[in-house]
Amino acid sequence: MSQQVRTRFAPSPTGYLHIGGLRTALYCYLFTRKVGGAFLLRIEDTDRKRYVPEAEDYFIRALEWCGIQCDEGVHVGGDYGPYRQSDRKELYQKYVQQLVDTEKAYYAFDTPEELEAMREAAKQQGNHNIKYDAKTRLQMRNSLTLPEEEVQQLLNDGAPYVIRIKIEPNQEVTVNDLVRGLVTINSNEIDDKVMLKSDGMPTYHLANIVDDHSMKITHVIRGEEWLPSTPLHVLLYRAFGWEDTMPQFAHLPLILKPEGKGKLSKRDGDRLGFPVFPIAWTEEGADQPSKGFREMGFFSEAFVNFLAFLGWNPGTEQEIFTMEELTDAFTIERISKSGAKFDFNKAKWFNEQYLKNKSDAELTEAALAYAPEKLEELQICKEYVNGVWGLMKERVTFPSDIWTKAAYLFAKPDTYDAKVVRKKWKEERIPLFEDLKKRLAALDDFSSTNVETSIKAFIEETGLGFGNVLQVFRVMLAGTTKGPSVFDMAALLGKEEVVERMERGAKIFDEMNALLA
RNA sequence: GGCCCGUUCGUCUAGGGGUUAGGACGCCAGAUUUUCAUUCUGGUAACACGGGUUCGAUUCCCGUACGGGCUACCA
């Protein structure tokens, strides 16, 4: 009784892969992995007008980056291929012929112009609900209305035609959706959808049924936008006589714009300054690729973790999950029904969590990947960058942030906090800082704790107070009042550099105060 | 317009006929007798509305409102 679970991710190669699509792939993958089934990638390239050649490769790279492995697909093969619908054309024609032969489908010769005219005329009469269905098909030019010889003649002459499914009116069609429960719709709401287009290609509706059936798909997990056409799909399974092996359906809620209205789109990302796709994508005609999450500095594990939680949760309070943990925890029952607004802040938070757990060396490599010239430009070595990570790990979101947020650890500061200088760089204290510099210069072991001991002793002896000394010292070293422990910074910079920065700071502080006087 | 789906803090969500309605992000406030961008502690804040059913409804049912999706020879 227990058959192997088989699921598919079936994007259409019309452009980049949106994160909503990617989340569908993720859920599909998690569900399938959990039960030990097969997950496959099928390319639905039946629309020749919108076909974008680069898209297929992009899908593959995007899935790869996320760690979503396909058991079968265009790129890895498998026993149920071909996995590209354009390579399966004959199959659809064969099956659609079966529908015609059993009078469940028919030829229709109406041109797009005629259809448009029909809809327009109906609209004029106040009918916004016109369909090509049981009510109207007898007024159209098709094999149900035309004499048989004429139909034959038209076909022989090579007249353009489509094949439409003949929907029987007044049937209640019920779908048991795994996310939403029972959804019932009357077949009067469904029109005689085109199955085979005039270019000989199938429509999505036909192709997805034929493929899901012949690829032995057991669970169709897809976006909510497909829910309204699912009853049609059920009717198609029925028409083919495949209802007993029909897959189960699970329709996922949509990912919405952050401010609420509508599906998230690429334009939202551009407008609000965050990516809406996993990896960089070059739009046709654009000279610059648009950044993806990867390019922005997201770790794929963080991205996947974030995505998994957009519309699903384990019901526990754990939030950080590896792919393996997600696989264990995932169930379709825990997918939420309502759409989720995209929250970039939360995405960043996930990245911070993962960043903290990376080793210094890993982070150095990651940061260098964004700016390989830095080593030479700043005259530093990787070991030094590792040291910076030791101090900065908990204070940044993306690996490349250290180049800006910790710039003062790579080069002497070029600005100094004016407020601190004005308030704390007092005439009478200048010699004391000169003294402090000498003390530090005399240290043999310039470790963080040693520097700390030395400075604390100095504070006690001079009675200057922590704030007055440490604040000034920090600004001398970093220019800013923000940052990690001063003692750690001093140790990392090294004695020589600290002494240099103290001298330079004192000189510039004097100048700054002179300007104010 | 028609059909379908949805609605718990600003956001992601847990929960479920009787709860102080829980967590996370964000935000705010204190603490870490050096900074804050870290860490810790605390705080702010939600069951869309109206009818039922019920001893009791945020939870179940029905409406309404609002949001979303679909309505192509696109997927």
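This one's a predicted model, so the numbers in the text were calculated from it and none came from an experiment. (Residues numbered from 1 in each chain as written. Chains lettered and ligands numbered in written order. Predicted model: local features only at pLDDT ≥ 70, side-chain atom pairs only at ≥ 80, totals over all residues. Heavy atoms only, no water.)

Enquirer: Quick rundown of the overall build of chain A? Include the residues and the values.
Expert: Scanning chain A from N- to C-terminus turns up 22 helices and twelve strands. Expected size for 517 residues packed as a compact globule is a radius of gyration near 24 Å; at 33 Å, chain A overshoots this value by more than 25%. With respect to the principal axes defined by its C-alpha atoms, chain A has extents near 110 × 55 × 40 Å. Per-residue burial for chain A yields a buried fraction of 50% across its 517 residues. For chain A, the share of sequence-separated contacts (at least 6 apart) that also reach a separation of at least 24 residues comes to 72%. By element, 49% of the accessible surface of chain A is carried by carbon and sulfur atoms, the whole surface being about 24900 Å². (Helix = DSSP H or I, 4+ residues; strand = E, 2+ residues; numbered from the N terminus. Rg over C-alpha atoms; globule rule 2.2 N^0.38 Å. Buried < 20%, exposed > 50% of the residue type's maximum accessible area, 1.4 Å probe, protein only. Contact = heavy atoms within 4.5 Å. Areas by Shrake-Rupley, 256 points an atom, 1.4 Å probe, with all protein chains shown as cover.)

Enquirer: Explain helix α20 (residues 466-478) residue by residue, including any values.
Expert: Here α20 contains 13 residues, and its C-alpha end-to-end distance of 17 Å stays within 8% of the 18 Å for a straight helix at 1.5 Å per residue. Within the sequence span of α20, burial applies to Val469, Leu470, Val472, Phe473, Arg474, Val475, Met476, Leu477 and Ala478. Just beyond α20, the residue with positive phi is Gly479, at close to 85°. (Expected span 1.5 Å × (residues − 1).)

Enquirer: Could you give an account of the packing of aromatic side chains, naming the residues involved and the relevant values?
Expert: Applying the stated criterion to the full structure yields 34 aromatic pairs. Ring plane angle 70° and centroid distance 5.1 Å describe the contact between Phe298 and Phe398, whose orientation is recorded as edge-to-face. On the criterion of sequence distance, the pair formed by Phe298 in the loop between α9 (293-296) and α10 (300-308) and Phe398 in the loop between α15 (382-392) and α16 (401-405) is long-range, its members being 100 residues apart. Across the pair, Phe398 and Phe298 agree in class, each one buried. Against the face of Tyr80 rests Arg6, its NZ or CZ located 3.9 Å from the ring centre. Lying across the ring of Tyr95, Lys94 places its NZ or CZ 4.7 Å from the centre. (Phe/Tyr/Trp six-rings, centres within 6.5 Å; stacked < 30°, edge-to-face > 60°. Lys NZ or Arg CZ within 6 Å of the ring centre and 35° of its normal.)

Enquirer: Give a description of the environment of Met140 that names residues and reports values.
Expert: Following the sequence through the fold, Met140 ends up in the loop between α4 (112-124) and α5 (148-156). Each C-alpha atom, one on Met140 and one on Leu115, is 8.9 Å from the other, the two residues being 25 residues apart in sequence. Apart from residues no more than four positions distant in its own chain, Met140 is found in contact with Asp110, Leu115, Met118, Tyr132 and Thr145.

Enquirer: Summarise the domain arrangement of chain A; cite the residues concerned and give the values.
Expert: With domains assigned, chain A is organised as domain 1 (1-74 + 253-357), domain 2 (90-196), domain 3 (360-409) and domain 4 (418-516). Counting residues at the interface gives eleven residues for domain 1, matched by nine residues for domain 3. When domain 1 packs against domain 3, close to 910 Å² is buried across both sides, 65% of that on carbon and sulfur atoms. Three residues stand out in domain 1 for area buried against domain 3, namely Glu352, Leu355 and Lys356, and they jointly supply 52% of the buried area on that side. The interface formed by domain 1 and domain 3 contains four residue pairs in polar contact (both at pLDDT 80 or more). (Domains from an automatic or database assignment. Buried area = accessible area lost by both parts, 1.4 Å probe. Polar contact = N/O pair within 3.5 Å; in protein donor to acceptor, adjacent residues only side chain to side chain.)

Enquirer: Summarise the protein's contact with RNA strand B; cite the residues concerned and give the values.
Expert: The environment of RNA strand B is made up of 64 residues, and the closest members are Arg180, Lys197, Glu394, Arg395 and Gly483. With respect to RNA strand B, the side chain of Lys197 contributes an N or O atom lying 2.7 Å from a phosphate oxygen. Interatomic distance of 2.5 Å between a side-chain N/O atom of Lys356 and a phosphate oxygen of RNA strand B. If you list the elements that add at least two residues to the surface near RNA strand B, you get α4, β5 (162-165), β7 (181-186), β12 (340-341), α12 (344-356), α20 and α21 (486-493). At four residues, the largest contribution of residues to the surface near RNA strand B is made by α12. Class assignment for the residues of the surface near RNA strand B results in 21 nonpolar, 16 polar and 27 charged. (Near = heavy atom within 4 Å. Nonpolar A, V, L, I, M, F, W, Y, C, P; charged D, E, K, R; others polar.)

Enquirer: Give a detailed account of a negative patch on the surface, specifying residues and quantitative values.
Expert: A cluster of acidic residues, Glu427, Glu428, Asp510 and Glu511, forms a negative patch at the surface. Mapping Glu427 onto the fold places it in the loop between α17 (418-424) and α18 (430-441). Under the relative-accessibility criterion, Glu427 is labelled exposed at 67%. (Patch = residues over 30% accessible without salt bridge, like charges linked within 9 Å, V, L, I, M, F, W, Y side chains within 5 Å. Salt bridge = Lys/Arg side-chain N within 4 Å of Asp/Glu carboxyl O. Lys, Arg positive; Asp, Glu negative; His and termini not counted. Charge placed at Lys NZ, Arg CZ, Asp CG, Glu CD.)

Enquirer: I'd like a description of the pairing of β7, backed by residues and values.
Expert: Regular strands place their side chains on alternate faces of the sheet. As paired strands, strand β6 (residues 172-177) and β7 are joined by six bridges and run antiparallel to one another. Bridged to Val175 within β7 is Val183. Counting the residues in the hairpin turn of β6 and β7 gives three residues. (Pairing = 2+ DSSP bridges.)

Enquirer: Requested: an account of the sheet that holds strand β4 (residues 105-108), with residues and values cited.
Expert: By definition, the strands of a sheet pair up through backbone hydrogen bonds, in either a parallel or an antiparallel sense. The strand order β4-β5-β8 describes an open sheet built from three strands, whose pairing is antiparallel. Two strands close off the open sheet at either side, each with one partner strand: β4 and β8 (194-196). Looking at each pair of strands side by side, their axes are set apart by 45° on average, direction ignored. Across four bridges, β4 lies against β5 in antiparallel orientation. (Axes fitted to C-alpha atoms, helices over the stretch in contact; angles between N-to-C directions.)

Enquirer: For the packing of helix α19 (residues 448-462) against α21, give the residues involved together with the corresponding values.
Expert: Interhelical geometry of α19 versus α21 gives an angle of 120° and a closest axis separation of 8 Å. The orientation of α19 with respect to α21, classified from their angle, is oblique. Handedness of the α19/α21 crossing: right-handed. Facing Ser448, Val451, Glu452 and Ile455 of α19, the residues of α21 in contact are Phe487, Asp488, Ala490 and Ala491. (Parallel < 35°, antiparallel > 145°, perpendicular 65-115°, else oblique. Left-handed = near helix turned anticlockwise from the far one by under 90°.)

Enquirer: Kindly report on the layout of surface pockets, identifying the contributing residues and their values.
Expert: In this structure, the largest pocket spans a volume of roughly 1000 Å³. In terms of lining residues, the largest pocket is bounded by 34 residues, among which Pro11, Ser12, Gly21, Glu225 and Trp226 are the most central. Contributing elements (two or more residues each) for the lining of the largest pocket: β1 (6-9), α1 (19-34) and β9 (219-223). When residues of the lining of the largest pocket are assigned to their parent elements, the largest contribution, four residues, is made by α1. In the lining of the largest pocket, the residues fall into 14 nonpolar, eleven polar and nine charged. When its volume is computed, the second largest pocket comes out at roughly 410 Å³. Pro112, Leu115, Val162, Arg164 and Val194 are the residues nearest the centre of the second largest pocket, which is lined by 19 residues in total. Of all the elements in the fold, those that place two or more residues in the lining of the second largest pocket are α4 and β5. With three residues, the single largest contributor to the lining of the second largest pocket is α4. Its residues assigned to classes, the lining of the second largest pocket comprises eight nonpolar, two polar and nine charged. (1 Å grid on protein atoms, 1.4 Å probe; cavity = no way out; pocket = protein on both sides within 12 Å on 5 of 7 lines; lining within 4 Å. Points joined across faces, edges and corners; volume = space filled by probe spheres on them.)

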